[in-house]
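# A look at the structure
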Amino acid sequence: RGGTVISVAVAWLLGACALLLQPTLPGVGALALVCLATAALAAVFRRGAVLAFAVGYALTWQQGGERVAVRLDPQLEGQSLSIAGSIASVPQAVADGVRFRLATNAQAGIPPLVELTWYEPDRRLRAAERLNLEVRLRRPRGFANPGGADYEARMLRENVGATGYVRSLESAGRSWRDVARWPVLVTRDEIHAATRRALGDRPATGIVAGLSVGLQDALSTAQWRELARSGTSHLMAISGTHIGMLAAMAAWLAAGVQRLRQRRGALGTARDAAVVAGSVTAIAYSSLAGWSVPTQRTAIMIGIVALALRLRRRVGPGDALALGAVAVLAIEPLAPLAVGFWLSFGAVGVILLATSGSLARTGLLRGYAQVQIAVTAGLVPVLV
């Protein structure tokens, strides 16, 4: 039932937030107490959905504890360390260097994932490339001013256990096994590099790269300033709108092709072809965009609706949003630390509230204005 699905999603989210709002990670005893108290409340009020609070709390506790435990050993901070590993991100230009993430080989005291900056690089780094490096590392820390970004929280959510810079670097190459290990990452890197080669230093380079694979290092300071002044900075972060438009285009094309095939005696409905094409396109584009929280939400919701259509079942938009939230929280229990989580789910929730229950037809401009006003007003608490 729809109400049950939404209740489970809300309870799960509240459980995750209850853990994340605590200043320190509680012990096992506190976790057991929360789980027992939640089970008791569920039994008293006969609401099984309340148990989702304990699930959200426990999963967030587990993942938070694991990520805190693998941070850099404090005794290694500031020392020159020899480490090895593979590049686990698309290297991006920053100021006078390049920044990338390294999936390190097992080594005592060294986190499995670190973020490094290589100043004045003498060659291009490639995703999945194996490296031997001499580095200096420190545990993630940064400013957390009210109303500003929380750098340490972002590093925790993204499982980065240390940051630092490269003192020397030696490449060990990239084999087909490395490419097979990270096929999507390598594809993003190649598309990014091909875009920059083809367009060069044109102003459009950063925009094309940003909208194709979600990488924004080619955008100049002047471009960011103009985007901010025009209120369109959010367009450079691939979100539900981009993925939804591309999925809709793929679905429309697939339906048209299937209708042509039906005229020649092919089996299968145009709707099924559209459903498959749209959902596959959404997942593929979300992966190329970096699989951020907003893209996860969109791809999962499209997948839920597609599955319901394929099975000839009905699913309401509120149910799809709730199932999407549960799926995101199950995949990434620390997702509430991301501003994009609240903006993405909040925007869709506000739109559903603003447009549900209305049977009267509204004009295109009036409907557009209604949605924009609702989203602007509804997201004020998150933005504040």
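Remember, predicted model here, so these are calculated numbers, not experimental data.

A few words now on the packing of helix α9 (residues 240-263) against helix α11 (residues 293-310). Where α9 contacts α11, the two axes come as close as 8 Å, and the packing angle between them is 35 degrees. Every pair of crossing elements has a handedness; the one defined by α9 and α11 is right-handed. Residues G240, I243, G244 and A247 of α9 form the contact with α11, whose participating residues are T295, R297, T298 and I302. Its residues assigned to classes, the contact of α9 with α11 comprises three nonpolar, four polar and one charged.

Attention shifts here to the environment of G240. As for its placement among the helices and strands, G240 is situated in helix α9. For G240, the residues in contact, after removing those within four places along its chain, are R297 and T298.

On to the nonpolar core, then. Counting residues in each nonpolar core, the largest one holds 22 residues, and the members touching the most others are V293, V328, F341 and F345. Broken down by element, this core gets its largest block of residues, seven residues, from helix α12 (residues 317-331). Not counting the four nearest positions on each side in its chain, F345 is found in contact with R297, L321, G324, A325 and V328.

One pass over the structure, following the stated rule, counts twelve salt bridges. A salt bridge links R67 to E332; the nearest nitrogen and oxygen atoms lie 3.5 Å apart. One end of the pair, R67, is in helix α3 (residues 51-69); the other, E332, is in the loop between α12 and α13 (339-355), with 265 residues separating them in the sequence. Look at E332 and you get buried, because its relative accessible area is 14%. Here R123 ties to E129 by a salt bridge, and the two come within 2.8 Å at their closest N and O atoms. For R123, a relative accessible area of 34% puts it in the partly exposed group. Judged by its relative accessible area of 1%, E129 is buried.

With that settled, the discussion passes to a nonpolar patch on the surface. Together, I6, V10 and L14 line one region of the surface with nonpolar side chains, adding up to about 250 Å² of accessible area. Here V10 lies in helix α1 (residues 2-20). Residue V10 is classed as partly exposed on the basis of its relative accessible area, which comes to 44%.

Conventions used here
Residues numbered from 1 in each chain as written. Predicted model: local features only at pLDDT ≥ 70, side-chain atom pairs only at ≥ 80, totals over all residues. Heavy atoms only, no water. Axes fitted to C-alpha atoms, helices over the stretch in contact; angles between N-to-C directions. Helix = DSSP H or I, 4+ residues; strand = E, 2+ residues; numbered from the N terminus. Left-handed = near helix turned anticlockwise from the far one by under 90°. Contact = heavy atoms within 4.5 Å. Nonpolar A, V, L, I, M, F, W, Y, C, P; charged D, E, K, R; others polar. Core = buried A, V, L, I, M, F, W, Y, C linked by side-chain atoms within 4.5 Å. Buried < 20%, exposed > 50% of the residue type's maximum accessible area, 1.4 Å probe, protein only. Salt bridge = Lys/Arg side-chain N within 4 Å of Asp/Glu carboxyl O. Patch = residues over 30% accessible without salt bridge, like charges linked within 9 Å, V, L, I, M, F, W, Y side chains within 5 Å. Areas by Shrake-Rupley, 256 points an atom, 1.4 Å probe, with all protein chains shown as cover.

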